[in-house]
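Residue-level structural notes
What follows is each chain in one-letter form.
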Amino acid sequence: MSDSARVVILGGHGKIALLAAPKLKTAGFAVDSVIRNPDQSADIEAAGANPVVLDIETADTQALADTFAGAQAVVFSAGAGGGNPERTKAVDLEAAKRSVDAAGQAGVKRFVMVSYASASVDLDRVDPESSFYPYVQAKHGADEHLRASGLDFTILGPGGLTLEPSSGKVLVADAAGDLDGQKPADDVRVTSRDLVADVITHVISESAAVRETVNFYDGQTPIAEAIR
């Protein structure tokens, strides 16, 4: 296995990351999953990945760049999990921005960001008083920073995340996460985490959707057909 075929996943113990690691391994990549808590190492190894203990919330750009050196791609699938505006800003925005900068510094061009479907428009849609607003601000800011970075980015925007198995099929939405210009019903705006893991694997292994944002829900079109 050449070093160039290594993928680094940030937020390695998250549900999506734990699903993506074995898929990436099957696709021929070695996977480094970055975790804050060393107690999670066994879960990472069980998913076929190599645990790397680093707290991205406090790690500086250089420490992140050292972790990324020689990798083929970086996947940002970390998140504070909402609830705490300060931590949301620290992880979903600031750590994400440092990760983007670090990838550039390390010469890793390929960067996949797990965002959510309406991140680009929710600053105007969501009440600033809402508890969800800090998350909107963080994800919007991180995505914008990545788009401006010069990296070969792919921003993935799933809908409401479920624990259903992946169908391997997607429904691609527009830049606002809408379908035919309309906000879809809540039962349509759902995406299996397992499907997100399949899409991460597809866009990295096939160099698909480079410098694109892909908003998607569970659907009827095979991933390889819908996302090129």
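Residues numbered from 1 in each chain as written. Predicted model: local features only at pLDDT ≥ 70, side-chain atom pairs only at ≥ 80, totals over all residues. Heavy atoms only, no water.

**Quick look at the overall build of the protein**
- When helices and strands are tallied, the protein shows 8 helices and 11 strands.
- The C-alpha atoms of the protein give 16 Å as radius of gyration, which agrees with the globular expectation for 228 residues (17 Å, within 12%).
- Overall, the C-alpha framework of the protein stretches about 45 × 40 × 35 Å when taken along its three principal axes.
- Evaluated residue by residue, the protein yields a buried proportion of 49% over its 228 residues.
- Once local pairs closer than 6 in sequence are excluded, the contacts in the protein between residues at least 24 apart make up 72%.
- Of the roughly 10,000 Å² of accessible surface on the protein, 48% is carried by carbon and sulfur atoms. (Helix = DSSP H or I, 4+ residues; strand = E, 2+ residues; numbered from the N terminus. Rg over C-alpha atoms; globule rule 2.2 N^0.38 Å. Buried < 20%, exposed > 50% of the residue type's maximum accessible area, 1.4 Å probe, protein only. Contact = heavy atoms within 4.5 Å. Areas by Shrake-Rupley, 256 points an atom, 1.4 Å probe, with all protein chains shown as cover.)

**Considerations on the sheet that holds strand E8 (residues 169–173)**
- If you trace the 9 strands from one edge of the open sheet to the other, you get E3-E2-E1-E4-E5-E6-E10-E8-E11, paired in mixed fashion. Where the open sheet ends on each side, the last strands, each with one partner, are strand E3 (50–53) and strand E11 (221–222).
- Packed onto the sheet, helix H3 (residues 61–68) meets strand E1 (6–10), strand E2 (30–35), E3 and strand E4 (73–76) and runs at close to 145° relative to E1.
- This element, helix H4 (residues 85–106), spans E1, E4 and strand E5 (110–114) of the sheet and lies at about 170° to E5. (Pairing = 2+ DSSP bridges. Axes fitted to C-alpha atoms, helices over the stretch in contact; angles between N-to-C directions.)

**Concerning the UniProt feature "domain: NAD(P)-binding" (unreviewed entry) in the protein**
- Cross-referencing UniProt, the feature "domain: NAD(P)-binding" (unreviewed entry) maps to residues 11–206 in the present numbering.
- Spanning residues 11–206, this segment combines 41% helix with 19% strand, and its end C-alpha atoms are found 23 Å apart. (UniProt positions renumbered as here; feature names shortened; annotations may be inferred.)

**As for the packing of H3 against H4**
- It is at 8 Å that the axes of H3 and H4 come closest, and there the two elements cross at 55°. Regarding the angle of H3 to H4, the classification is oblique. In this structure, H3 crosses over H4, and the sense of that crossing is right-handed. On H4, the residues touching Thr61, Gln62, Leu64, Ala65 and Phe68 of H3 are Arg98, Ser99, Asp101, Ala102, Ala103, Gln105 and Ala106.
- Taken together, the residues that form the contact of H3 with H4 break down as 6 nonpolar, 4 polar and 2 charged. (Parallel < 35°, antiparallel > 145°, perpendicular 65-115°, else oblique. Left-handed = near helix turned anticlockwise from the far one by under 90°. Nonpolar A, V, L, I, M, F, W, Y, C, P; charged D, E, K, R; others polar.)

**A look at the packing of aromatic side chains**
- Within this structure, the stated rule accounts for 3 aromatic pairs.
- Their ring planes at 65° and their centres at 5.8 Å tell us that Tyr116 and Phe132 sit as a pair that is edge-to-face. Of this pair, Tyr116 sits in the loop between E5 and helix H5 (122–125) while Phe132 sits in the loop between H5 and helix H6 (133–147); the two residues are 16 residues apart in sequence, bridging distant segments of the chain.
- The class of Phe132 is partly exposed, set by a relative accessible area of 34%.
- Taken together, a centroid distance of 5.5 Å and an interplanar angle of 35° make the contact between Tyr116 and Tyr135 tilted. One end of the pair, Tyr116, is in the loop between E5 and H5; the other, Tyr135, is in helix H6, with 19 residues separating them in the sequence. (Phe/Tyr/Trp six-rings, centres within 6.5 Å; stacked < 30°, edge-to-face > 60°.)

**Some points on unusual backbone geometry**
- If you check the backbone angles, Ser207 has positive phi at about 50° while not being a glycine.
- By secondary structure assignment, the location of Ser207 is in the loop between helix H7 (193–205) and strand E10 (212–218).
- In the Ramachandran plot, Arg211 falls in the positive-phi region, its phi being about 60° despite a non-glycine side chain.
- Note on Arg211: relative accessible area 45%, which makes it partly exposed.

**Quick notes on the nonpolar core**
- In this structure, Ile200 and Ile204 are the most contacted members of the largest nonpolar core, which totals 33 residues.
- If you list the elements that add at least two residues to this core, you get E1, helix H1 (15–26), E2, E4, E5, H7 and E10.
- It is H7 that provides the largest number of residues to this core, a total of 7 residues.
- Look past the residues within four positions of Ile200 in its chain and what remains in contact with it is Ile16, Ala20, Val75, Val114 and Leu156.
- The next biggest cluster of nonpolar side chains, apart from the first, holds 31 residues, and it includes Ala65, Phe76, Ala78 and Leu151. (Core = buried A, V, L, I, M, F, W, Y, C linked by side-chain atoms within 4.5 Å.)

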